Amino acid sequence: MNTAGDGLDLHPFRGVRYVPERIGSLAAVTSPPYDVVVRPDGLLHLESADPHNIVRLILPQTGPSGSPRSRNDQAAATLHRWLAEGVLAPDAEPALYVYEQRSGDLLQRGLIGALRLSEAAEGVVLPHEDVMPHVVEDRAGLMRATAANLEPLLLTYRGDGSATGATAVIEATARRAPLLSTTTEDGYSHRLWSLTDPAEIRAVRADLARHQALIADGHHRWATYLRLRAEHPSPTPWDHGLVLLVDTARYPLRVRAIHRLLNRLPVDRALAAAAPFFRVREVAGPLAPAMDSLAEAAKDGNAFLLTGAGATYHLLDRPDPALLDRTIPADRPAAWRTLDATVLHSTLLGHVWGIPEDSPADIAYIHDTAATVEKAQRDGGTAVLMHPVREEVVRELARQGVTMPRKSTSFGPKPATGLVLRTLRND
């Protein structure tokens, strides 16, 4: 058995899955992770796709009183009803699950299991972003009520790139008939296999015990796991959390930016306030060539693309060095001080625009570039479009114990929600 401070300690669990005969289609009941769903449009689309879509559990919207507790209680009642009615059912025996996503030339494979939780100081699972307390509180309320891990976090580790250890087991399993396969509306195909052979599980666990992982997606849910573990003295099922582990030496992930929508700041005011401190210039649209301009400017330093009412695009770059010196903390590594997200949060939001980063009324974090632009141009706010950070920068800062500003990166592809759940009462 692994002991605290070893490496990754991944355990089989009794996965809970949709019963095919009780739903219209598997694609119709899946969802992106909760924080990728664009509300309200994306939420309504998913709710109407199938009455049993998983979004009714991960983003409950109604309840007798409309309060967060009421919504969470409703999600719990829905989960229990679907289990009682046979819409969802636990697998017969504990397993690890091999999960594959494919789109064109992109292939990602990894292992879904119940990972023993650890604090960042233990050096086993490394966070790279700060979290927002109100989001952790929201997720904690939902997990408490449902007593379930409804969607796996995305964690990465680095093997040696060869088909040995856990990777050998994954690739051998992928040659077998899957438990399920589906293609979601984004064009990704998904396949899932159950891994129950004791020898294969031992090989996987022995290999993973030599590795540490980076949280690629799911910092708030990981912080929630740790919070709920502290509320339940060990040993309990709360000592573990549902994760997808991907070896990025074998299956590299894509790293994309997460954009900001400034709900109450019109773009003309944003540009006027930034002009004394940044070079501001209009660039050619539509969105694709404007993003190309952002990528080109980002080669030389910090750069941001803004748009809003009027549907024009403006590039902010070449920030005033004196302003950066005044507004960015000096006690962090140079790689952190020069991040676009650092300059955005410390300098633009904190000093130039005076916007609190922890105010949902003022700022929203949106993964989809086109959706960010559409909402800003329709509603009159400002879309701040970002250029992605390289994975090696993220990993190196995490190894140094330095967290990036919240919502700095978007690793993908992200696992679809709804293919396999973990209910703590079954585990």
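Here the structure is shown first, and the text comes after it.
In short, a report on the structure. (Residues numbered from 1 in each chain as written. Predicted model: local features only at pLDDT ≥ 70, side-chain atom pairs only at ≥ 80, totals over all residues. Heavy atoms only, no water.)

With respect to the nonpolar core
Nonpolar side chains in soluble globular proteins tend to be buried together. In terms of nonpolar packing, the biggest core is built from 117 residues, with Trp222, Phe304 and Trp353 touching the most fellow members. It is helix α13 (residues 340-352) that provides the largest number of residues to this core, a total of six residues. The contact partners of Phe304, leaving out residues within four places of it in the chain, are Phe278, Leu294, His314, Leu315, Leu316, Asp340, Val343, Leu344, Leu348, Val384, Leu385 and Met386. If you look at the next biggest cluster of nonpolar residues, it comprises 15 residues, including Tyr313, Leu315, Ile366 and Ala383. (Core = buried A, V, L, I, M, F, W, Y, C linked by side-chain atoms within 4.5 Å. Buried < 20%, exposed > 50% of the residue type's maximum accessible area, 1.4 Å probe, protein only. Helix = DSSP H or I, 4+ residues; strand = E, 2+ residues; numbered from the N terminus. Contact = heavy atoms within 4.5 Å.)

Section: the sheet that holds strand β19 (residues 382-385)
Spatial ordering of the open sheet is given by β15-β17-β16-β19-β14-β18, a layout of six strands whose pairing is antiparallel. Bordering the open sheet on either side are β15 (279-283) and β18 (363-366), each of which pairs with just one other strand. Averaged over all adjacent pairs, the angle separating strand axes in this sheet is 25 degrees, with direction ignored. With four bridges joining them, strand β14 (residues 259-262) and β18 adopt antiparallel strand pairing. Looking at the pairing, Arg260 lines up with Tyr365 of β18. Along the sheet face, α13 touches β14, β16 (303-308), β17 (313-317), β18 and β19 and points at about 60 degrees away from the line of β16. (Pairing = 2+ DSSP bridges. Axes fitted to C-alpha atoms, helices over the stretch in contact; angles between N-to-C directions.)

Quick look at the packing of helix α4 (residues 68-85) against helix α5 (residues 133-146)
Contact geometry for α4 and α5: axes closest at 8 Å, N-to-C directions at 35 degrees. As for the relative orientation of α4 and α5, their crossing is right-handed in sense. Taking contact as the criterion, the partners of Asn72, Asp73, Ala75, Ala76, Leu79 and His80 in α4 are, on α5, Asp138, Gly141, Leu142, Ala145 and Thr146. Its residues placed into classes, the contact of α4 with α5 shows five nonpolar, four polar and two charged. (Left-handed = near helix turned anticlockwise from the far one by under 90°. Nonpolar A, V, L, I, M, F, W, Y, C, P; charged D, E, K, R; others polar.)

Looking at the packing of aromatic side chains
Applying the stated criterion across every chain yields a total of four aromatic pairs. When the centroid spacing of 6.2 Å and the interplanar angle of 65 degrees are considered together, the rings of Trp222 and Tyr225 count as edge-to-face. Residue Trp222 and its partner Tyr225 are located together in helix α8 (residues 219-231), separated by three residues, close to a single helical turn. For Tyr225, a relative accessible area of 4% translates into the label buried. The ring centre of Tyr34 lies 4.0 Å from the NZ or CZ of Arg139, which sits over that ring. A cation sits over an aromatic face here: Arg332 above Trp336, 4.4 Å from the ring centre. (Phe/Tyr/Trp six-rings, centres within 6.5 Å; stacked < 30°, edge-to-face > 60°. Lys NZ or Arg CZ within 6 Å of the ring centre and 35° of its normal.)

Brief notes about the side chain of Thr382
Tracing the backbone through its elements, the reader meets Thr382 in strand β19. Within the structure, the side chain of Thr382 is placed 3.4 Å from the backbone oxygen of Pro266, a separation counted as a polar contact. (Polar contact = N/O pair within 3.5 Å; in protein donor to acceptor, adjacent residues only side chain to side chain.)

Notes on the pairing of β16
The two faces of the sheet receive side chains in turn, since in a regular strand these alternate between them. Most of β16 is tucked away: six of the six residues are buried. Side chains of β16 alternate between two faces, with Ala303, Leu305 and Thr307 and Phe304, Leu306 and Gly308 buried alike. The pairing of β16 with β17 spans five bridges and is classified as antiparallel. Note that in β17 the partner of Leu306 across the bridge is His314. Between β16 and β17, which pair antiparallel and follow one another directly, the connecting turn spans four residues, one of which, Gly310, has a positive phi of 100 degrees. The pairing of β16 with β19 spans four bridges and is antiparallel. Its bridge partner lying in β19, Gly308 is registered against Thr382.

Details of the pattern of salt bridges
In the structure shown here, the tally under the stated rule is 27 salt bridges. The shortest N-O distance in the salt bridge between Asp217 and Arg221 comes to 3.2 Å. The partner of Lys414 in a salt bridge is Asp217, with the nearest N and O atoms 3.1 Å apart. Highlighted residues: Lys414 in the loop between β20 (410-412) and β21 (422-423) and Asp217 in strand β11 (residues 213-217), separated in sequence by 197 residues. Residue class for Asp217 comes out buried when judged on its relative accessible area of 6%. Connected through shared salt-bridge partners, Glu100, Arg102, Arg109 and Arg191 make up one network. (Salt bridge = Lys/Arg side-chain N within 4 Å of Asp/Glu carboxyl O.)

Here we look at helix α7 (residues 198-208)
Within α7 the residues assigned to the buried category are Glu200, Ile201, Val204, Arg205, Asp207 and Leu208. All buried residues of α7 fall inside an arc of 165 degrees around its axis, so they share one side. Among the exposed residues of α7, those pointing more than 90 degrees away from its buried face are Pro198 and Arg202. (Arc of directions from axis to C-beta.)

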